[in-house]
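Topology and contacts: notes
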Amino acid sequence: MNEQIVARHWLAIIAPKAAPAVATSTVLILARIWNANGAQHSVGNAVLMTALSLAAGAAGVCASIGRAGDHVIAGTAFAASGGLALAGVAGYADGLSLPLLLWVLATAIAYGLAARYWRTDRRDTLAYERYVSDRREERAHIERVETIRGTTQIEVARTGAAYAEQLAQALVTRAALPGFDPKALETAGLPHLPAADTFQE
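Residues numbered from 1 in each chain as written. Predicted model: local features only at pLDDT ≥ 70, side-chain atom pairs only at ≥ 80, totals over all residues. Heavy atoms only, no water.

Quick word on the overall build of the chain
A tally of regular secondary structure across the chain gives 6 helices and 0 strands. Beginning at the N terminus, the succession of helices and strands in the chain can be written as α-α-α-α-α-α. Every one of the 201 residues in the chain was classed for burial, and the buried ones make up 16%. Residue pairs in contact within the chain that sit at least 24 positions apart in sequence constitute 65% of those at least 6 positions apart. Put simply, the chain shows about 14900 Å² of open surface, and 66% of that area lies on carbon and sulfur atoms. (Helix = DSSP H or I, 4+ residues; strand = E, 2+ residues; numbered from the N terminus. Buried < 20%, exposed > 50% of the residue type's maximum accessible area, 1.4 Å probe, protein only. Contact = heavy atoms within 4.5 Å. Areas by Shrake-Rupley, 256 points an atom, 1.4 Å probe, with all protein chains shown as cover.)

Focus: helix 4 (residues 97-176)
Relative to the 118 Å expected for 80 residues at 1.5 Å per residue, helix 4 spans 114 Å between its end C-alpha atoms, a close match to the ideal helical length. Every buried residue of helix 4 is accounted for by Pro-99, Thr-107, Ala-114, Val-132, Ala-140, Leu-171 and Ala-175. (Expected span 1.5 Å × (residues − 1).)

Some remarks on the pattern of salt bridges
Following the criterion strictly, the structure yields 3 salt bridges and no others. Of the charged contacts, one joins Arg-135 and Glu-138 as a salt bridge, the two residues approaching to 3.8 Å between their closest N and O atoms. Here Glu-138 and Arg-135 lie together in helix 4, a separation of 3 residues that amounts to about one turn. Residue classification places Arg-135 among the partly exposed positions, given a relative accessible area of 33%. The exposure class assigned to Glu-138 is partly exposed, which follows from its relative accessible area of 42%. Glu-155 serves as the salt-bridge partner of Arg-158, at 3.2 Å between the closest nitrogen and oxygen. Separated by 3 residues within a single helix, Arg-158 and Glu-155 lie in helix 4, roughly one turn from each other. Using a relative accessible area of 52% as the deciding quantity, one classes Arg-158 as exposed. (Salt bridge = Lys/Arg side-chain N within 4 Å of Asp/Glu carboxyl O.)

Topic: the nonpolar core
Counting residues in each nonpolar core, the largest one holds 5 residues, listed as Leu-28, Ala-31, Met-49, Ala-87 and Ala-90. Within the residue set of this core, elements represented by two or more residues are helix 1 (10-39) and helix 3 (71-92). (Core = buried A, V, L, I, M, F, W, Y, C linked by side-chain atoms within 4.5 Å.)

Details of the confidence of the model for the chain
This prediction gives the chain a mean pLDDT of 78; 82% of its residues lie at or above 70. Taken element by element, the predicted model of the chain shows its lowest mean pLDDT in helix 6 (residues 194-200) (49) and its highest in helix 4 (87). (pLDDT = per-residue confidence, 0-100.)

Details of a nonpolar patch on the surface
The grouping of Val-89, Leu-98, Leu-101, Leu-105, Ile-109 and Leu-113 at the surface amounts to a nonpolar patch, some 540 Å² of accessible area in total. Ranked by the residues each element gives to the nonpolar patch, the list is headed by helix 4, at 5 residues. Counting through the fold element by element, Leu-98 comes out in helix 4. (Patch = residues over 30% accessible without salt bridge, like charges linked within 9 Å, V, L, I, M, F, W, Y side chains within 5 Å.)

See the structure below:
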């Protein structure tokens, strides 16, 4: 069977792996830009970011313990809470050491959480590929069996036609022999061939 080959672009392969680092780096860069534009030692900005971070964390808790237990909403809310906390600290802090430390921790946690989903996705992909492979092999086996059966039937029909043609040729040849007497064959106990009378005529 011919399979379509789809080559994925290298950016499509590497993009999911780089997403956590890109996200945390973007938050850090924007927070430091915000720091340079007046967020440093701004109590109002610190209170705002703390409130937003706590609100996002509370939304994540509500989503995770709710009746539906939606993991996607909970994960998104917790990620937003962590990102807001990182942005608040990076925007409020004096130096760069604390924001960088928090960036490393946030990136490590993001990769730890993402690895779990990548493993699950990989397992699902492998299970689907195995299922598709089994189905293809089953269909290929059925096709092979049907091909062999059809070829056998064609060969049997071809052999039967060749035998009938040879038998007809033998009857014609025997009837054309001089002194051929179908009554003598019947007397000798050989089966009567109905076509023999026709050949004699």
